Amino acid sequence: MFVFGLLVSCNKSSKYRDLPEYKFFNLQQQGWKSKRVTQFVSDINYTATEVPIQYYLLKDNQADYAKVDSLYQVNSKERIIEVEFQHTSEADLLLKDHTNKTYKDAVKYIAFTIEKDFTVITSSNDTIPCSGVNFERNFKVAPFKRVLLYFNDIPPNDHIKLIYQDQLFGNGIIKFNLTDSPLKV
């Protein structure tokens, strides 16, 4: 009887942690896979995924592969990291219950100020501040909030650690080891 209760408990708590291990980015018959790293803190899943720079370059230059290759050479030291925040009950995380801010102030924070909360530590122990953020508004259609973070001057094959000092939800310092570079599939 005790074993059954333990199995039910484990099953319930792992429901929100079992995100796919990889995220796939496909465009123009080209694709990449990138490892997702998830941390679970105070009923919130924080998931970080490095986005292939080629994917975004190809979106803007779909018919010109030579241009994409030359743009990649120029931007090879740039990194884009996608971070998703999702509450276990799929509640809107920007409500005052989770942020201690009005909804309007929480949206402003995640759209502009949150970039100050993120840094990257390279394998050579350099600290790189976030150079920009893009909050992808989904207008309450999806159960998560997503931001794209931009970092400069990181060697293309360098392993990085994303550090998030959570000022929005108040969950302290959260670290993501992004040791796998996106792979072309």
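Residues numbered from 1 in each chain as written. Predicted model: local features only at pLDDT ≥ 70, side-chain atom pairs only at ≥ 80, totals over all residues. Heavy atoms only, no water.

Participant: Which parts of the structure should I look at to understand the environment of Pro52?
Facilitator: Here Pro52 lies in the loop between strand S3 (44-51) and helix H2 (53-60). For the pair Pro52 and Arg79, spaced 27 residues apart in sequence, the C-alpha separation works out to 8.0 Å. (Helix = DSSP H or I, 4+ residues; strand = E, 2+ residues; numbered from the N terminus.)

Participant: It is not clear to me how the packing of aromatic side chains should be interpreted in this structure. Could you clarify?
Facilitator: Two aromatic rings, taken as a pair, are described by how far apart their centres are and by the angle between their planes. Counting across every chain of the model gives six aromatic pairs. Look at Tyr46 and Phe169: their rings are 6.4 Å apart centre to centre, the planes differ by 70°, and that puts the pair in the edge-to-face class. Of this pair, Tyr46 sits in strand S3 while Phe169 is found in the loop between strand S9 (160-166) and strand S10 (172-178), placing the two residues 123 residues apart along the sequence. Ring geometry for Phe118 and Tyr164: centres 4.3 Å apart, planes at 10°, overall stacked. Placement of the pair is Phe118 in strand S5 (residues 118-122) and Tyr164 in strand S9, with a sequence separation of 46 residues. (Phe/Tyr/Trp six-rings, centres within 6.5 Å; stacked < 30°, edge-to-face > 60°.)

Participant: Honestly, the packing of H2 against helix H3 (residues 65-74) in this entry has me stumped. Any pointers?
Facilitator: Working note: a packed helix pair is described by the angle between its axes plus the distance between those axes. The contact between H2 and H3 brings their axes to 9 Å, and the two run at 140°. Between H2 and H3, the angle falls in the class oblique. Handedness of the H2/H3 crossing: right-handed. Here Ile53, Gln54, Leu57 and Leu58 of H2 come into contact with H3, specifically with Tyr65, Val68, Leu71 and Tyr72. Of the residues assigned to the contact of H2 with H3, the class counts are seven nonpolar, one polar and no charged. (Axes fitted to C-alpha atoms, helices over the stretch in contact; angles between N-to-C directions. Parallel < 35°, antiparallel > 145°, perpendicular 65-115°, else oblique. Left-handed = near helix turned anticlockwise from the far one by under 90°. Contact = heavy atoms within 4.5 Å. Nonpolar A, V, L, I, M, F, W, Y, C, P; charged D, E, K, R; others polar.)

Participant: Is there a simple way to explain helix H5 (residues 103-111) in this structure?
Facilitator: Within the sequence span of H5, burial applies to Ala106, Val107, Tyr109, Ile110 and Ala111. Against the buried residues of H5 lie strand S4 (79-87), helix H4 (96-99), strand S7 (132-136) and strand S8 (145-151). (Buried < 20%, exposed > 50% of the residue type's maximum accessible area, 1.4 Å probe, protein only.)

Participant: How should I be thinking about the pairing of S9 in this particular structure?
Facilitator: Regular strands place their side chains on alternate faces of the sheet. For S9, the tally of buried residues reaches five of seven residues, placing the bulk of the element in the interior. Taken together, the five bridges between S5 and S9 define a ladder with antiparallel strand orientation. In the strand pairing of S9, Ile121 is matched with Lys161. Taken together, the seven bridges between S9 and S10 define a ladder with antiparallel strand orientation. Bridge pairing links Ile163 to Lys175 in S10. Adjacent in sequence and paired antiparallel, S9 and S10 are bridged by five residues, among which Gly170 carries a positive phi angle near 75°. (Pairing = 2+ DSSP bridges.)

Participant: Quick question: what am I supposed to make of the sheet that holds strand S6 (residues 127-129) here?
Facilitator: Sheet strands associate in pairs through backbone hydrogen bonding, adopting either a parallel or an antiparallel arrangement. The strand order S6-S5-S9-S10 describes an open sheet built from four strands, whose pairing is antiparallel. Where the open sheet ends on each side, the last strands, each with one partner, are S6 and S10. With direction set aside, neighbouring strand axes in the sheet form an average angle of 25°.

Participant: Would you mind going over the side chain of Lys145 with me for this structure?
Facilitator: Positionally, Lys145 belongs in strand S8. What makes Lys145 buried here is its relative accessible area of 7%. Side chain to side chain, Lys145 and Asp92 meet in a polar contact 3.3 Å long. Residues in contact with Lys145, not counting those within four places in the same chain, are Val83, Glu84, Phe85, Asp92, Leu94, Tyr103, Ile110, Phe135 and Asn138. (Polar contact = N/O pair within 3.5 Å; in protein donor to acceptor, adjacent residues only side chain to side chain.)

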